[in-house]
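Okay, here's what each chain looks like letter by letter:
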Amino acid sequence: MILIFYKNGWSLCSEKVKYIQHGEEIIQYVTAEGHDWWVDFEEKWEHTEIIEFIPVEHTEEQLGRFEEINQLNIPEGFSAELGDYVESGVFPDGVNHILKSLQIQKENDNLSNYVLDVDMRLTMQELGL
């Protein structure tokens, strides 16, 4: 399942569709095709039965990660990598991936925060606090 899609820019999916196809229950995000496309699809194919549409409520973390990727102006074609990052905060594997600059920035921020925390603890220890 991919949480985001590209249609005139990156967008977050606002719902999932739960359906039965060839006897198998499937849940997936409703992406660029939209809600009406699924209803039309069900009408055309008797092997597909929509059970329900489920609204998606995004966490604050997901919304924050989505804003991060939107600032990078990443072109279409990376929905799986971007979707995984937005949904769970996991960067793609490998040395050279589309989110490498963001990953390095976050690692540097985490390291800087760690150094500041250690420095503050040492200063407090020296002051006997």
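This structure is a prediction, so every number in the text was calculated from the model and none was measured.

### Considering the packing of helix H2 (residues 60-71) against helix H3 (residues 79-88)
To describe two helices that pack against each other, one gives the angle between their axes and the distance between the axes.
Item 1. Two numbers describe how H2 lies on H3: the axes approach to 7 Å, and their chain directions differ by 145°. From H2, Gln 62, Arg 65, Phe 66, Glu 68 and Ile 69 reach across to H3, where they touch Leu 82, Tyr 85, Val 86, Glu 87 and Ser 88.
Item 2. When the residues that make up the contact of H2 with H3 are grouped by side-chain class, the tally is five nonpolar, two polar and three charged.

### A look at the pattern of salt bridges
Item 1. Tallied over the full model, the rule gives four salt bridges.
Item 2. Between Lys 44 and Asp 40 there is a salt bridge; the shortest N-O distance is 3.1 Å. You can see Lys 44 and its partner Asp 40 sitting in helix H1 (residues 34-44), four residues apart, about one turn around the helix.
Item 3. Of the residues examined, Lys 44 reaches a relative accessible area of 59% and is grouped as exposed.
Item 4. Assessed through its relative accessible area of 33%, Asp 40 is described here as partly exposed.

### Observations concerning the side chain of His 97
Item 1. Positionally, His 97 belongs in the loop between H3 and helix H4 (100-126).
Item 2. At 2.7 Å, the side chain of His 97 forms a polar contact with the side chain of Gln 103.
Item 3. Non-local contacts of His 97, meaning those with residues more than four positions away in its chain, are made with Phe 91, Pro 92 and Gln 103.

### Structural notes on the nonpolar core
Item 1. Counting residues in hydrophobic clusters, the biggest one holds 17 residues, and the most contacted among them are Leu 3, Ile 4, Phe 66, Ile 69, Leu 82, Val 86 and Leu 99.
Item 2. Looking at this core, the elements that each hand over two or more residues are strand E1 (4-6), strand E2 (10-12), H2 and H3.
Item 3. The greatest single-element share of this core, amounting to three residues, is contributed by H3.
Item 4. The next biggest cluster of nonpolar side chains, apart from the first, holds five residues, and it includes Val 17, Val 30, Trp 38 and Ile 50.

### With respect to the environment of His 97
Item 1. A relative accessible area of 11% means that His 97 is categorised as buried.
Item 2. Along the chain, His 97 and Glu 81 lie 16 residues apart, while their C-alpha atoms are 8.8 Å from each other.
Item 3. A polar contact is formed between the side chain of His 97 and the backbone oxygen of Pro 92, at a distance of 3.4 Å.

Thresholds applied
Residues numbered from 1 in each chain as written. Predicted model: local features only at pLDDT ≥ 70, side-chain atom pairs only at ≥ 80, totals over all residues. Heavy atoms only, no water. Axes fitted to C-alpha atoms, helices over the stretch in contact; angles between N-to-C directions. Helix = DSSP H or I, 4+ residues; strand = E, 2+ residues; numbered from the N terminus. Contact = heavy atoms within 4.5 Å. Nonpolar A, V, L, I, M, F, W, Y, C, P; charged D, E, K, R; others polar. Salt bridge = Lys/Arg side-chain N within 4 Å of Asp/Glu carboxyl O. Buried < 20%, exposed > 50% of the residue type's maximum accessible area, 1.4 Å probe, protein only. Polar contact = N/O pair within 3.5 Å; in protein donor to acceptor, adjacent residues only side chain to side chain. Core = buried A, V, L, I, M, F, W, Y, C linked by side-chain atoms within 4.5 Å.

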